[in-house]
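Secondary and tertiary structure notes
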Amino acid sequence: MTHQPQRAGPPGPPGPAGPVPAAAPGPGPATPEQAQRAEGTERAQSGAELIVVVERLRAELDAQRRELRSRTVVEQAKGLLAERLGCGVETAYERLLRLASDSGVEAPVAAALLLGTDVDVVDIPDRPADAVFDPATYLSPAQDASSSTAPQLPHPTPPSDTSTRADATSTAGTPTQVPDATESAASVPDAVGPVGTAVGTPSLVEDATESAAPASDAMGPADAAVGTPNLVGDASGAASAADGVGSAVAVGAAGRVGSADALPAALGAARHLAAAAFAEARSGDELARRLAEEALGWLGAKMVLLTCLEPDGALRVAGAHGLPAHVVSEWARIPPHGNVGQIRAVRGGAPLWKADPAVVALVGAAARLPGPHSCLPLTVRGRVVGAVEVAWTPGTALDEGARHYVRSVAAACARRLAELAPAAGDAAGAPWLRAVLDAIQTPSALMSPVRDASGRVVDFQVDAVNSEATDLPGRRPAEIVGARLLETYPGLAVAGLFADYVRVLETGVPLRVGPRPYTALNGGGPRVPTTLTVRAARVGGGVLASWQFHGDSADLAAQLAQAQRLGNLGWSRWDLTTGEVAWSDQLYTIFGRSRAAGPLPPARLAECVVPEDLPRAEHMMRTLLGRREPADVELRIRVGADVRHLRVMAEPILDPLGGPVALHTVFQDVSQRRRSDEVLAATRQQLQRERQRIAEERHIAVELQRAILPLPRGPRTLPGVRVAVRYLPAQSQTRVGGDWYEATALSDDEVFLAVGDVSGHGLAAAAAMARLRNALSGLSCTGAPPHQLLRWLNRLVMHRRRSLTASVIAARFRPETRELDWARAGHPPPVLLRAGRAELLDGPDGVLLGALDDPPLELATLKMERGDLLLLYTDGLVERRDRDLTEGFGLLRDAVQERPEAEPDELIEHVLTALGAANPNDDTCLLALRVT
């Protein structure tokens, strides 16, 4: 039986047996129809609630699918970029973000476009503009603050090794089985540093030492030949005993294996042991002893002499072993120009493995040590710091493997020698002192005492300073080094600081003085009052002092303000924990904000940024807060009606756990630069259009010249003469000229010749050239003499174009009589070659066409002979900017005279070669004819 719930009304107060239903409203109980309708209503409500739940779950599932697709597209794009660019995945992801920022889209959209995928498949977060500068957008609350991974798209984790998974499974839930850090360090020795210095690996060092000993014994007697094959072959047990060292070299020092320094496992272990021994040396003599006994003793070394290279090229003894004291004293300093083995090795930069005492001087030979000698240069990072001489046991011979080992050991010895050598001399050149000086933020100097004959300190000399060292007169650090203290700063004696420095030197008690007044005398110049704080301590045999002028802070602030103003830049600091923002004064000017209003809250920065640049801003914030890296982007902001371009350079400040706690940002207004770039771009476009126009004009002019001025191939035969023509355009694309020629047989008894040059260049000159050439060709048919033809041509020029000028030479040649009638208007004179002698014709003078309405033009007649050669040309042949016109005529005459028997085309080729080919700034036209 189905129970039908009653919907009569709300329940009444509870009774003893439970709640008693209240009376239903209405006159009586509910009818069956009413109960059925109530049941249907309940089912409808339940169905509606179920539909809502299903739709919500479906929407969440769709969102997760879209997010997963976005992640997949991004990962595929990262892989594609990594393959195409040959970089890592992180670098590829950075490139993808930059592409997205430059394109103004989200990273998934950029990835989809890069892969050619439909953009609709990626999920684009709907982020309001005011959330761009909200740290909560990029920092997840659930994210561990110590994690430095950006909370964005997850990166795929490579599958772990089976052994690793097995170890992880076996150690799960058993913390006591996790190896201690010390044990881990012992199991994996440091392959980079010396084996002997590995922390927590004494047993490994002992094993390696013991494994190296049999290798020495396996060499046999001391006079046996030394070679790597014997060492490797006999030391197989040593190699297995030093398996940890071998694996460290093979695995931990990846990148060194296979390089020039790569050695077999046993030799590598020996080298590391030698380096560890060198690190323990506290003097040059101890270093020489360790090199001779511990590093090279098993090879047969009996004597070692270490020298340091001095600035003048000499070598100073830094340590010796196996030499008598008097020999070391005699060779304490080796001059740079002596024929000494170590000097030869330093100069040549290469070892002398078998130095011959009969050829070069050797310290070992001077000490009467038998056996072979070797001299090697000692270098540190490619710089020679000294040399070493080794005397070997008689009969020792080093093969290539042993020499490789000796060079490797010498390199390690050189590094330690560079550290010990300054300590043996003055402290000013010690590397540790330079490191100390560079670490001090205030001006600092190391001073050595200057004593009189009685030993009393009378002054101090500055031996070394740091980069911050400045004084009141403004001397640079390089100018302070070498200065005498009281001579340069006499005010120190008046202020009592000189006596304080002497007291520090004598007692060793550090000095802490100031701030107190100090007056600089500046070498007798004007007095400069200031406030000074001094710190001093005794270092070796000198005094290390630091000082600070308290006026520097005010000067530095003024210089900083001036730099911000001149560079139009300002800085800000945004505390992410408190939300406080600090601005520099110039930043208010950049943002056009009143200083009384205070800094702009970060939440309102999005209001200033141009909407198109918000993706760039988001990329910057993601870089700063997500990847915790510095960012450098360019954003446009609105300041009133103006749009300014700002370069934003920011870096995050991280807490000890790696979480960002503040942002330091520098804003630079580069609007003027961008406007200049826009103007420059517009100018470039205009120049490009102008170049295109000129190129088109040149093309038309060249085509016009080719159509009107066809050039024959090879010489032509006309009545009574053989003619050759050459036309050379200017090298410049913008200087197509108006040079032209004419060589036509009017009849069997006459030949018309002409050469002309129209002023100007380009299409206008080419068009004018066409008019003049055609006009002169037509006028030549009248039979008028050449000077009359030029007069008529001048009228045409004056009538058509007043600004046009032209030079022309015209001639008529009659083969029967071999007479040449010619005239010229402002044109260079022709060259006549007769009987092997060339000369410029003294013909009639005439002014340029277009210069006068009625120019004086005359006619000349030349009686030519068989074999004569006549050369007509335009001024482009002889005119050059780097020489006089008279010199050009002389060169032309000499060139023509050098080839008296040449044919016209051969003569033209020779003349062009002799005069330097064509004029780069003007066209050149030549016409040569020989009388037959």
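Computed from a predicted structure; not experimentally measured.

Now for the overall build of the protein. Helices and strands together make up the secondary structure of the protein, namely 29 helices and 28 strands. Counting every position in the protein, which comprises 932 residues, the buried fraction comes to 40%. A sequence separation of at least 24 residues applies to 58% of the contacts in the protein between residues at least 6 apart. In the form shown here, the protein has an accessible surface area of approximately 48900 Å², with 54% of it arising from carbon and sulfur atoms.

A few words on the packing of helix H10 (residues 265-279) against helix H11 (residues 284-295). At a minimum axis distance of 9 Å, the contact between H10 and H11 shows a crossing angle of 155°. Accordingly, the angle class assigned to the pair H10 and H11 is roughly antiparallel. Crossing geometry of H10 relative to H11 is assigned as right-handed. Here Ala274, Ala277 and Phe278 of H10 lie close against H11, whose contacting residues are Leu287, Arg290, Leu291, Glu294 and Ala295. Split by residue class, the contact of H10 with H11 holds six nonpolar, no polar and two charged.

Looking now at the pairing of strand E22 (residues 806-814). Burial analysis of E22 places eight of its nine residues in the buried class, which makes it a mostly covered element. Where strand E21 (residues 750-758) lies against E22, eight bridges are found, and the strand directions are antiparallel. Within the sheet, the bridge partner assigned to Asp757 lies in E22 and is Ser807. The pairing of E22 with strand E23 (residues 819-825) spans seven bridges and is antiparallel. Each residue of the ladder has a partner; that of Ala810, found in E23, is Ala823. Connecting the antiparallel pair E22 and E23 is a turn made up of four residues, with Arg818 showing a positive phi of about 55°.

Here we take up the pattern of salt bridges. Tallied over the entire structure, the rule returns 27 salt bridges. Linking Glu618 and Arg622 is a salt bridge whose minimum nitrogen-to-oxygen distance equals 3.0 Å. Linking Glu618 with Arg622, this pair stays in helix H24 (residues 614-626), spanning four residues, or about one helical turn. An identical accessibility class is assigned to Glu618 and Arg622; each is buried.

Moving on, we get to unusual backbone geometry. Even without glycine at this site, Arg628 takes up a positive phi of about 55°. Given a relative accessible area of 10%, Arg628 falls into the buried group. If you check the backbone angles, Ala835 has positive phi at about 55° while not being a glycine. Mapped onto the fold, Ala835 is located in the loop between strand E24 (831-834) and strand E25 (837-840). Residue class for Ala835 comes out exposed when judged on its relative accessible area of 83%.

Let us look at the sheet that holds strand E3 (residues 301-309). If you walk across this open sheet you meet the five strands as E5-E4-E3-E7-E6, and the pairing is antiparallel. Both outer strands of the open sheet, strand E5 (333-334) and strand E6 (373-380), are each paired with one neighbouring strand and no more. Sheet topology places E6 next to strand E7 (residues 383-392); eight bridges connect them, and they run antiparallel. Of the residues in E7, the one forming a bridge with Pro377 is Ala387. Sheet strands in contact with H11 are E3, strand E4 (315-321) and E7, and its direction is about 55° off that of E4.

The next subject is the nonpolar core. Ranked by size, the top nonpolar core spans 49 residues in total, and within it Met864 and Leu927 carry the most contacts. Among all residues touching Met864, those that are not within four sequence positions of it are Phe813, Arg818, Leu820, Leu832, Arg834, Leu870, Leu929 and Val931. Listed in part, the 40 residues of the second largest apolar core include Trp353, Leu378, Ala402 and Ala410.

Secondary-structure assignment places Gln668 in strand E17 (residues 660-669). A distance of 3.4 Å separates a polar side-chain atom of Gln668 from the backbone oxygen of Gly567.

Turning our attention to the environment of Thr379. For Thr379, the location among the structural elements is in strand E6. The exposure class of Thr379 is partly exposed, given its relative accessible area of 35%. Placed 32 residues apart in sequence, Thr379 and Ala411 show a C-alpha to C-alpha distance of 6.4 Å. Those residues within four positions of Thr379 in sequence are excluded, and the remaining contacts are Val384, Val385 and Ala414.

This part takes up the sheet that holds E21. What the five strands build is an open sheet, ordered E20-E21-E22-E23-E26; its pairing is antiparallel. Single-partner strands in this sheet number two, and they are strand E20 (738-747) and strand E26 (860-863). Neighbour-to-neighbour, the strand axes of the sheet open up by a mean angle of 15°, direction not taken into account.

What follows is about the environment of Tyr873. Its place among the elements puts Tyr873 in strand E27 (residues 869-873). Measuring from C-alpha to C-alpha, the distance between Tyr873 and Asp757 comes to 9.5 Å, with 116 residues separating the pair along the chain.

For the structure on display, the rule yields six aromatic pairs. Considering the side-chain rings of Phe460 and Tyr501, the 6.4 Å spacing of their centres and the 85° angle between planes classify their relative orientation as edge-to-face. Here Phe460 is found in strand E9 (residues 457-465), whereas its partner Tyr501 is found in helix H20 (residues 497-507), with 41 residues between them in sequence. As far as the burial class goes, Phe460 and Tyr501 line up, both buried.

Spanning 15 residues, H10 covers 21 Å between terminal C-alpha atoms, matching the ideal 21 Å at 1.5 Å per step. For H10, a buried count of twelve out of 15 residues is recorded, marking the element as mostly surrounded by other parts of the structure. Among all positions in H10, only Leu267, Gly268, Ala269, Ala270, Arg271, His272, Leu273, Ala274, Ala275, Ala276, Ala277 and Phe278 are buried.

The next subject is the pairing of E6. Most of E6 sits out of view: seven of its eight residues are buried. As consecutive antiparallel partners, E6 and E7 are separated by two residues, and within that stretch Arg381 has a phi angle of approximately 55°, a positive value.

Note that Arg644 resides in strand E16 (residues 642-654). You can call Arg644 buried: its relative accessible area is 19%. Residues contacting Arg644, with those up to four places away along its chain left out, are Thr589, Ile590, Phe591, Gly592, Leu635, Arg636, Ile637, Val639, Asp669 and Ser671.

Attention now goes to H24. Given a rise of 1.5 Å per residue, 13 residues ought to cover 18 Å, and the 17 Å separating the end C-alpha atoms of H24 matches this to within 8%. Within H24, eleven of the 13 residues are buried, which leaves the element mostly enclosed by the surrounding structure. Along H24, the positions that sit buried rather than exposed are Leu614, Ala617, Glu618, His619, Met620, Met621, Arg622, Thr623, Leu624, Leu625 and Gly626.

On average, residues of the protein score 76 in pLDDT, and 74% of them reach the 70 mark or higher. Throughout residues 141-261 the model reports pLDDT below 50, and contacts reaching past four residues in sequence, or to other chains, amount to 129 contacts.

It is the contact of helix H26 (residues 763-780) with helix H27 (residues 786-800), at a shortest axis distance of 10 Å, that shows an interaxial angle of 145°. The element H26 and its partner H27 pack so that their crossing is right-handed. Contacts between H26 and H27 pair Arg771, Leu772, Ala775, Leu776, Leu779 and Ser780 from the former with Leu789, Trp792, Leu793, Leu796, Val797 and Arg800 from the latter.

Parameters and conventions
- Residues numbered from 1 in each chain as written.
- Predicted model: local features only at pLDDT ≥ 70, side-chain atom pairs only at ≥ 80, totals over all residues.
- Heavy atoms only, no water.
- Helix = DSSP H or I, 4+ residues; strand = E, 2+ residues; numbered from the N terminus.
- Buried < 20%, exposed > 50% of the residue type's maximum accessible area, 1.4 Å probe, protein only.
- Contact = heavy atoms within 4.5 Å.
- Areas by Shrake-Rupley, 256 points an atom, 1.4 Å probe, with all protein chains shown as cover.
- Axes fitted to C-alpha atoms, helices over the stretch in contact; angles between N-to-C directions.
- Parallel < 35°, antiparallel > 145°, perpendicular 65-115°, else oblique.
- Left-handed = near helix turned anticlockwise from the far one by under 90°.
- Nonpolar A, V, L, I, M, F, W, Y, C, P; charged D, E, K, R; others polar.
- Pairing = 2+ DSSP bridges.
- Salt bridge = Lys/Arg side-chain N within 4 Å of Asp/Glu carboxyl O.
- Core = buried A, V, L, I, M, F, W, Y, C linked by side-chain atoms within 4.5 Å.
- Polar contact = N/O pair within 3.5 Å; in protein donor to acceptor, adjacent residues only side chain to side chain.
- Phe/Tyr/Trp six-rings, centres within 6.5 Å; stacked < 30°, edge-to-face > 60°.
- Expected span 1.5 Å × (residues − 1).
- pLDDT = per-residue confidence, 0-100.

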